[in-house]
Amino acid sequence: MNMKIYVESDVEQGNAGVSRIAVIGYGSQGRAHALNLKDSGFDVTVGLRPGGASWQKAEADGLRVKSPAEAAEGADIVAVLVPDMAAPGVWRAIESSIKPGAAALFAHGFNIHYGSIKAPESIDVILVAPKGPGALVRRQFEEGRGVPCLMAVAQDATGRAKARCLAYAHGIGGTRGGVLETTFAEETETDLFGEQAVLCGGVTELVVQGFETLVEAGYQPEVAYFECMHELKLIVDLLHEGGMAKMHQFVSDTAKYGDLSRGPRIVNEETRERMREVLGEIRDGTFAREWQAEHEAGLPNYKAMLSADLNHPVEKVGRELRARMSWLKSDKQAAA
């Protein structure tokens, strides 16, 4: 099947009849979406808990702010941009305010896919997921560019759901970078798998195990940190910019040979089998049920595991070494 990438020319004139948009939440994605949509000419209201710090921040940014339920009233699209575990409670507070024929939009399919949120049949249920953090979505928009997005339709009550997806994606700058059509299931399951097996769980565990192996063999922790953690950014940047081809272009022949001959001994068929198990738990709902139960229990295991991660020796060594790297602070400020 040929992949279709939607661009600016694919957006309906008149933005598919979308005028009023309620953005519920003002975190990383919420702020970026609200500001970009406002700058694109949409009538935007941000829905937030009255009196909170986010309310003041949104008002300072020049946005109209109301309670979530009030913001949702009369909106053509209600974008629920709050953390996964908070979304069901927020949905209960706004569901009765969403007018028939409107669209509920999500930036991650978790709650729809796993049934934590069940929308009435009278509304569209759609997804627009930028493939980058909110700060990047905003910065690229301001520079006349855009972060690529995924879009999906779970429920098309009006026959206009896909057009609404494109209108919204266009409003946040996504059609400048290209919008790829997917499904709620594919977006949710691949996103969770990527986080768990590669991007967060896989990479960090590989770093920790490599660090521990070198220290256990008698090498200095500081040297082990540089080799297993610090230099990771150099490789990731090359991969991000030009895939494996660019990485191979800029590392030494010795590094390339070590990569090609030893890498498959570290990440091998046994690793792939563990990946299949992780993917299976995502697809059958095991992970979602476990995470929801953990949240309802007050996060005891989550807090313990996070504490162990943040107090690992690689973190102590890293903090001390990073304090000597003045350019890291400059890079962080430049990215803000």
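This structure is a prediction, so every number in the text was calculated from the model and none was measured. For every chain, the first residue of the written sequence is number 1, and numbering continues from 1 along that sequence. At least 70 in pLDDT is required for a residue's local features to be given in this predicted model, at least 80 for side-chain atom pairs to be given and counted, and no such filter applies to totals for whole chains, interfaces and linings, which use all residues. As a convention, hydrogens and water are excluded, and side-chain values are obtained from all of the structure's heavy atoms.

1. Details of the overall build of the protein
(1) Moving on: Here a strand is any run of E in DSSP of at least two residues, a helix any run of H or I of at least four, and the numbering for each starts at the N terminus. Helix and strand content of the protein: 18 helices and nine strands.
(2) Moving on: At 22 Å, the protein has a C-alpha radius of gyration in line with the 20 Å of a compact globule built from 336 residues.
(3) Moving on: In terms of overall dimensions, the protein has a C-alpha envelope of 65 × 45 × 45 Å along the principal axes.
(4) Moving on: Of all 336 residues assigned to the protein, the portion counted as buried reaches 38%.
(5) Moving on: Contacts in the protein between residues at least 24 apart in sequence constitute 65% of all its contacts with a sequence separation of at least 6.
(6) Moving on: Accessible surface for the protein amounts to roughly 18800 Å². Of this, 54% is attributable to carbon and sulfur atoms. Within these notes, the globule rule equals 2.2 Å times the number of residues to the 0.38 power, and the radius of gyration is based on C-alpha atoms. In this scheme, a residue with accessible area under 20% of its type's maximum is buried, one over 50% is exposed, and one in between is partly exposed, where area comes from a 1.4 Å probe on protein chains only. Contact definition: two residues touch when any of their heavy atoms are within 4.5 Å. Per-residue and other accessible areas follow the Shrake-Rupley method at a 1.4 Å probe size, with only the shown protein chains counted as cover for residues.

2. With respect to unusual backbone geometry
(1) Moving on: One non-glycine residue with positive phi stands out, namely Ala16, at about 55°.
(2) Moving on: Classification of Ala16 by relative accessible area gives buried; the value is 10%.
(3) Moving on: Not every positive phi belongs to a glycine, and Leu299 is a case in point at roughly 65°.
(4) Moving on: By relative accessible area, which is 17% here, Leu299 ends up buried.

3. Details of the packing of aromatic side chains
(1) Moving on: Side-chain rings of Phe, Tyr and Trp, where Trp is taken by its six-membered ring, are said to pair if the distance between their centres is within 6.5 Å; with planes under 30 degrees apart they count as stacked, over 60 as edge-to-face, and otherwise as tilted. Per the stated rule, a full pass over the model turns up four aromatic pairs.
(2) Moving on: Residues Phe110 and Tyr114 carry aromatic rings whose centres are separated by 5.1 Å and whose planes lie at 65° to one another, so their mutual orientation is edge-to-face. Across the pair, exposure class does not vary: Phe110 and Tyr114 are buried alike.
(3) Moving on: Between Trp291 and Tyr302 the ring centres are 5.7 Å apart and the planes differ by 50°, which places this aromatic pair in the tilted class.

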